[in-house]
Amino acid sequence: MAQVRFLLIRLVKAIMVLLAVTVLSFGLIRAAPGDPATVMAGEQGAVDPEFLERVRERYGLDRPIHEQLFTYVAGVAMLDFGDSYQHNRPVMELIAERLPATLLLTLTAFALALIGGLLMGVTAARHVGKWPDALITVAALLFFALPLFWVGLMAILLFSVQLGWLPAFGMSTIGVNMSPIERALDVAKHLILPASTLGLLYLATYTRMTRASVLEVMDLEFVRTARAKGLGERRIWRRHILKNALLPIITLASLQAGHLVGGAVLTETVFSWPGIGRLAFDALLQRDYNLLLATFIIASAFVVFFNLVADLIYSLADPRIEVAS
Amino acid sequence: MSDFARRFLGSRSGMIGLVLLVLLVLMALSADLLYPQDPWRMAGRPNLPPFTEGFLFGTDQLGRDVAAGIVHGARMSLMIGFASSVAAIGVGVVVGAVAGYFSGWVDDVLMRLTEFFQTIPSFMLAIVLVAIFSPSLESIVTAIAVVSWPPIARLVRAEFLSLRQRDFVKAARVGGHSRTNIIVSQILPNALSPVIVMASLMVATAILIESGLSFLGLGDRNFITWGFMIGAGRTMIRHAWWLSAIPGLAIFVTVLALNLFGQGLSDVLNPRLSRSTRT
Amino acid sequence: MSRPAETTVLSMRSLSIALPPGADRALAVSDLSLDLYRNEILCVVGESGSGKSLLANAIMGLLPNGVRVASGTIDFEGTELTTLPANRYRKLRGARIAMVFQEPMTALNPVLTVREQIDEALVAHGVGNAAERQRRILELLDATGLPDPETLQHAYPFRLSGGQRQRAMIAMALALEPDVLIADEPTTALDVTTQKQILELLREIQQRRRLGVLFITHDFGVVAEIADRVAVMRLGELVEEGPARQVLDHPRHGYTQKLVAAVRGLSDTSGAAREHRSEPVLSILGATKTFVTATGGFFSGKRRRVEALKDVSLDIAQGETLGLVGESGSGKSTLGQAVVQLLELDSGEIRFHGTPIAEMPRKERERVRPKIQIVFQDPFASLNPRHRIRRALTETQVIHGTRRADALAQAERMLDLVGLDQGALDRFPHEFSGGQRQRIGIARALVMEPELIVADEAVSALDVSIQAQILELLADIRDRLHLSMLFITHDLRVAAQVCDRIAVMQRGEIVEHGNAQEVLHAPSHGYTRTLCDSMPGKEWFV
């Protein structure tokens, strides 16, 4: 029961966040220098008077501002982001087409980073002060200082240009006939570099978080109680230390999801990965702000959804949920 | 203070970071002496590899001196990093202090706001902000500050929430000290250590965000930046790897130096935590 | 309670425990020899820093990192523990030697149920099948007096009360029927009535199972209540050892004599309780305060209401000390905070010399506020760690318009009064001991020339010898400066020593109120009687 209420609260919160993102986007359009219609139409659309008129009408830009806001929010709520002049297609269609690629990339990167980070963090904490710990913390420190897009470029330079092991661009080989299994393997091969690149920074983050959390729990009194009971070290680690140390990681890791999507813009740009990050970059080049804002709102929705899933897992895993506020 | 200095000198990572930082700052300050010419100017034949006579890091596809770009770029990176961090810390400290001291509905509202900014994809928000207000030094600094303040606010709030329950703060209230006096002279100095540590890490993150923005072409075109150089050299990666590799290394070294420096500060200021964060 | 000596179960010889380099002393425990017999409770008693807790951990083989046994032996039924390999030690721990800790909330794993935590101890030592273990768990929970073991076993620790948690801890420790039970301050975190129940439980179980119990405590009352034999430790050394009666009634070592005198001094109430018939300095009329806490977050409707104060009325006369006694959650601290204007009442009023403070004009209120000062419990938290003592003692005066030079002179006078020299002014709080800091806290209250001092558990965090000194100081200053005092404490005995009148609080209400001696020696309310009855070692004190 407490769990259900906890999740309902989170759901309401999530909807509030999305509403706020939408209002923020609208506010940005209004705050931008120049006629909002021109801003929304984008650089190319703005020179076409007919398109400009359509935009004006669609968003009721000659009506009072609260009505404009309502129209905008209502549109977003119905997943209607208008048309992109540059692509001459509805924005939502463009996004829907690109979304799977981004999901594949970010979720793979997240899984890699989380699994690797947990393993490395726990290993470091178990050997705190000894060489595995030193090695892992230094590695995390170095990864943490790497600019994501540069890592991508260097990876291309090494693994594609120099060694020729992996494809550098795109999501699949174009113009070749392949069976479904071959196709899947082909995509997987294309996925390796971008996903590892995107995962690397978060690997460092999760490693640090995990290490700190495990070290903190190791010092808690109930661990001493477990030892006093004569439990074996493996059992103490599994049931007492890890169970308590990894719970907060669920929440902390999901809080990083927002950064992961942001990182996807850079990664997709570097690897020409056909996702919404790349779409956002194209929109940026063409000054197609309506499309850019739509990708921003959808990316936010993704993050909010991601956090909700994390909350769900957390609520099932932690018995104290009803006392946490 | 001398105790502080002595302990910092004893922190290996802190000292490495400090030395690297001093070198970087010196490099940035002496940019006009080392390379008095405009770094955008064509200085030699295009695409010269590193260590060519007169061009330490070679030249790009337009014959611009990469080394000059690196040195002048250091200025931009450090300046934007510091400026946006100062702004973000200012906002974060004020929001966190107010939320933590007053609690109740003020806290609720401010924390909802903070959570909101922490949830939404921050780098994308920065892109949107810079794109819509057109790239300039001011818009970039503002955008980075807007996406960077929430962690500071949360940290300061948590410190305030715990400090304001302390008896010495209660004693000041019983003594009739004003709110401002209590916040500024009783609580804030005790909350500052972790903020200082986080600040040095924040400069590092700000530099990374800035480089990402200019890589995407969202830099101020009046100044050369490392991110821009990587973005410009990107298409040449098969033929002139150094155009992307060298500026990236510069970013890496700078960010690493700041992280190491922050680590050193953390060891000195939060001795309790240092065991879990020491490298 | 003394009995013929039985066989030794645990024997320490010339035991020294080394602290890591840089600690305030090299050896936490030095050259200690001590025996624990079967079927007895041996109390190891000492003040903070005596090394008593490390001794317990050394026996368990659970010394913190960096701390190690430097020399000597610990013999457990013929097994030498100091050199025992880890895997054999593990088999011993929990099975033959078990331990109960001070703070049951943190000593239990928050994400495992009571059953799971007892069960894993049984599993670790290879006890029977699941059905057998389940039977044992229910038996244990029942034996430790937990209600409805069938349901309670599935509860998580945060669901239980403090006393229930400690019972669960004890059940866990007893799961494998150990020969030795080490109890490290097992009742220190509990209220006095709960403490009594847990002490009774421990005594009962010890006798039923003929356990050897090593009981670590700082409290001589507890010692008097439960010990068969006593070992007194001071700065890592064993200063005195013997049968409980002998050590308590005829201590031989100077240190023990001093400690016992300090504790007994607490119950010497002959000087207290004077009549005061002057106009009240402070009147509390119908004070009511309800705390509403959200338990489910921002949007949830679930609120918990705690009535901290229910229509409380009290007077304090000039020069009088009123004791406010109660257990945790009784509302006594809430009332103290309301008196010093740290929190607002929902209804009711607080009058200073007859005028309700809340109704005073702002100017007047600001003038009056420093006349009511407070001394806090924790001397480590009550001084701003970043300010020198000079600033701590002068800042408030300057804010209220005293000239800096006058403020400093006043600070010096008050430091002198609390028994500290002028050199203290230029130092930071961390350079002082707990007792010294408490003196500084008192000086800070005094510089404002208050008429009323609220002492909120002002001696509870201090070692017993320091406690006596601070109490003496408070009484002395009160008499010299004709101060009134609201003395808030959980300890009836401490209250009886310094207070003229005592008000006993329970769940936000004053259940008994009267002359200190009468309340202590002839309580009329049932709850007060329970409180008096629960005071550990009361027979010894009388």
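Residues numbered from 1 in each chain as written. Chains lettered and ligands numbered in written order. Predicted model: local features only at pLDDT ≥ 70, side-chain atom pairs only at ≥ 80, totals over all residues. Heavy atoms only, no water.

## Quick notes on the confidence of the model for chain A
For clarity, the cut-off: Per-residue confidence from the predictor is reported as pLDDT, a score between 0 and 100. Each helix corresponds to a stretch of at least 4 residues labelled H or I by DSSP, and each strand to a stretch of at least 2 residues labelled E; elements are numbered beginning at the N terminus.
Summing up the model confidence of chain A, the mean pLDDT is 84 and the portion of residues at 70 or higher is 98%. Here helix H2 (residues 36-45) of chain A is the element of chain A with the lowest mean pLDDT, 76, and helix H5 (residues 91-126) of chain A is the one with the highest, 91.

## Let's talk about the packing of aromatic side chains
Here the distance between the centres and the angle between the planes together describe a pair of aromatic rings. Residues and elements named next belong to chain A. Quick reminder of the rule: Geometry of aromatic contacts follows a simple scheme: Phe, Tyr and Trp rings, the Trp one being its six-membered ring, pair when their centres are within 6.5 Å, and the pair is stacked under 30 degrees between planes, edge-to-face over 60, tilted otherwise. Classification of residues uses two cut-offs on accessible area relative to the type maximum, computed with a 1.4 Å probe and protein chains only: under 20% is buried, over 50% is exposed, and between them is partly exposed. Remark: a charge is flagged as sitting over a ring if the NZ atom of Lys or the CZ atom of Arg is within 6 Å of the ring centre and within 35 degrees of the ring normal.
The final tally for this structure, using the stated rule, is 11 aromatic pairs over all chains. Here Phe 302 and Phe 306 contribute two aromatic rings whose centre-to-centre distance is 5.9 Å and whose plane-to-plane angle is 50 degrees, an arrangement assigned as tilted. Placement of both Phe 302 and Phe 306 in helix H13 (residues 289-317) is noted, with a separation of 4 residues, approximately one turn of the helix. Look at Phe 302 and you get buried, because its relative accessible area is 15%. Take Phe 306: its relative accessible area is 13%, and that puts it in the buried class. The rings of Phe 110, Tyr 206, Phe 302 and Phe 306 are connected pair by pair, giving a single aromatic cluster. The lysine or arginine in question, Arg 208, covers the ring of Phe 144, its NZ or CZ lying 4.4 Å from the ring centre.

## Overview of the packing of helix H7 (residues 137-163) of chain B against helix H9 (residues 179-215) of chain B
All names here are of chain B. For clarity, the threshold we go by: Note on geometry: axes are lines fitted to C-alpha atoms, helical ones only across the stretch in contact, with angles between N-to-C directions running from 0 to 180 degrees. For this classification, under 35 degrees means roughly parallel, over 145 means roughly antiparallel, 65 to 115 means roughly perpendicular, and everything else is oblique. For any pair of crossing helices, the crossing counts as left-handed if the nearer helix is rotated counterclockwise from the farther one by less than a right angle, and right-handed if it is rotated clockwise.
Interaxial distance between H7 and H9 falls to 9 Å at its minimum, and their mutual angle equals 150 degrees. Taken together, the axes of H7 and H9 are roughly antiparallel relative to one another. Remark: the crossing between H7 and H9 carries right-handed chirality.

## Focus: the interface of chain C and chain A
Selection rule: Any two residues whose heavy atoms approach within 4.5 Å at even a single point are treated as in contact. Computed with a 1.4 Å rolling probe, the buried area is the accessible surface lost when two parts are put together, summed over both parts. In what follows, salt bridge is the name for a side-chain nitrogen of Lys or Arg lying within 4 Å of a carboxyl oxygen of Asp or Glu.
In this assembly, 34 residues from chain C lie in contact with 28 residues from chain A. Of the roughly 2700 Å² buried where chain C meets chain A, counting both sides, 60% is carbon and sulfur surface. If you look at where chain C meets chain A, you find 3 salt bridges. Linking A:Lys229 and C:Glu120 is a salt bridge whose minimum nitrogen-to-oxygen distance equals 2.9 Å.

## Details of the sheet that holds strand E7 (residues 180-184) of chain C
Residue and element names in this part refer to chain C. The cut-off we apply is this: In this scheme, strands are said to pair when DSSP sees at least two bridges between them.
With mixed pairing, the 6 strands of this open sheet are ordered in space as E6-E7-E8-E3-E9-E10. Bordering the open sheet on either side are strand E6 (97-100) and strand E10 (237-243), each of which pairs with just one other strand. Taking each pair of neighbouring strands and ignoring which way they run, the sheet shows an average axis angle of 15 degrees. Strand direction decides the pairing type here: strand E3 (residues 40-46) and strand E9 (residues 229-234), joined by 5 bridges, are parallel. Of the residues in E9, the one forming a bridge with Val 45 is Val 232. In the packing of helix H7 (residues 162-174) onto the sheet, contacts are made with E6 and E7, and the angle to E6 comes to roughly 175 degrees.

## As for the interface of chain A and chain B
Interface size is commonly expressed as the accessible area that is lost once the parts come together. Cut-off, in case you're wondering: Whenever a nitrogen or oxygen atom comes within 3.5 Å of another N or O atom, the pair is scored as a polar contact, on the condition that within protein one atom can donate a hydrogen and the other can accept it, and that pairs from neighbouring residues in sequence are kept only if both atoms are in side chains. When residue character is reported, Ala, Val, Leu, Ile, Met, Phe, Trp, Tyr, Cys and Pro are called nonpolar, Asp, Glu, Lys and Arg charged, and the others, Gly included, polar.
Residue-level contacts link 51 residues of chain A with 44 residues of chain B. Summing both sides of the interface, chain A and chain B together bury roughly 4300 Å²; the carbon and sulfur share of this comes to 78%. Residues A:Lys13 and B:Glu115 are paired through a salt bridge, measuring 3.7 Å at the closest nitrogen-oxygen approach. Counting across the chain A and chain B interface gives 4 residue pairs in polar contact (both at pLDDT 80 or more). When residues of the side of chain A that touches chain B are assigned to their parent elements, the largest contribution, 10 residues, is made by H13(A). For the side of chain A that touches chain B, a count of residues per class yields 38 nonpolar, 9 polar and 4 charged.

## What to know about the domain arrangement of chain A
Residue and element names in this part refer to chain A. The condition that has to hold: For every domain, the bounds stem from an assignment made automatically or drawn from a database.
When cut into domains, chain A gives domain 1 (2-77) and domain 2 (97-317). Here domain 1 and domain 2 have C-alpha centroids that lie 31 Å from each other. In this assembly, 22 residues from domain 1 lie in contact with 15 residues from domain 2. When the area that domain 1 buries against domain 2 is broken down by residue, the three leading residues are Leu 7, Leu 18 and Glu 43, summing to 25%. Applying the counting criterion to the domain 1 and domain 2 interface returns 1 salt bridge. Among the ionic pairs, Asp 311 bridges to Arg 10, the shortest N-O distance being 3.4 Å. Remark: the boundary between domain 1 and domain 2 carries 1 residue pair in polar contact (both at pLDDT 80 or more). Among the secondary structure elements, those contributing two or more residues to the side of domain 1 that touches domain 2 are helix H1 (2-31), H2 and helix H4 (65-77). With 14 residues, H1 is the largest single contributor of residues to the side of domain 1 that touches domain 2. Counted by class, the side of domain 1 that touches domain 2 contains 15 nonpolar, 5 polar and 2 charged residues.

## Observations concerning the pairing of E3(C)
All names here are of chain C. Of all 7 residues that make up E3, 7 are buried, and the element is covered over most of its length. By the bridge criterion, 6 bridges tie E3 to strand E8 (residues 212-217) in an arrangement that is parallel. Looking at E8, one finds that Val 45 is bridged to Thr 217.

## Some remarks on the nonpolar core
So the rule is basically this: Residues grouped as a nonpolar core are buried Ala, Val, Leu, Ile, Met, Phe, Trp, Tyr and Cys residues, joined through side-chain atoms within 4.5 Å.
Core analysis: the largest hydrophobic core is formed by 172 residues, its most contacted members being A:Tyr72, A:Leu292, B:Ile127, B:Leu213 and B:Leu216. In terms of residue count, the dominant contributor to this core is H9(B) (16 residues). No fewer than three residues from each of domain 1 (2-77) and domain 2 (97-317) of chain A sit in this core. Here B:Leu213 is in contact with B:Phe123, B:Ala126, B:Ile127, B:Val130, B:Ile140, B:Ile144, B:Leu218 and B:Gly219, once residues within four sequence places are set aside. Counting residues in hydrophobic clusters, the runner-up holds 99 residues, among them C:Phe101, C:Ala183, C:Ile198 and C:Tyr255.

## Regarding unusual backbone geometry
In the Ramachandran plot, A:Leu79 falls in the positive-phi region, its phi being about 60 degrees despite a non-glycine side chain. With respect to the helices, strands and loops of the structure, A:Leu79 is situated in the loop between H4 and strand E1 (83-84). Judged by its relative accessible area of 46%, A:Leu79 is partly exposed. Even without glycine at this site, C:Glu185 takes up a positive phi of about 45 degrees. Relative to the assigned elements, C:Glu185 resides in the loop between E7 and helix H8 (192-209). Take C:Glu185: its relative accessible area is 7%, and that puts it in the buried class.

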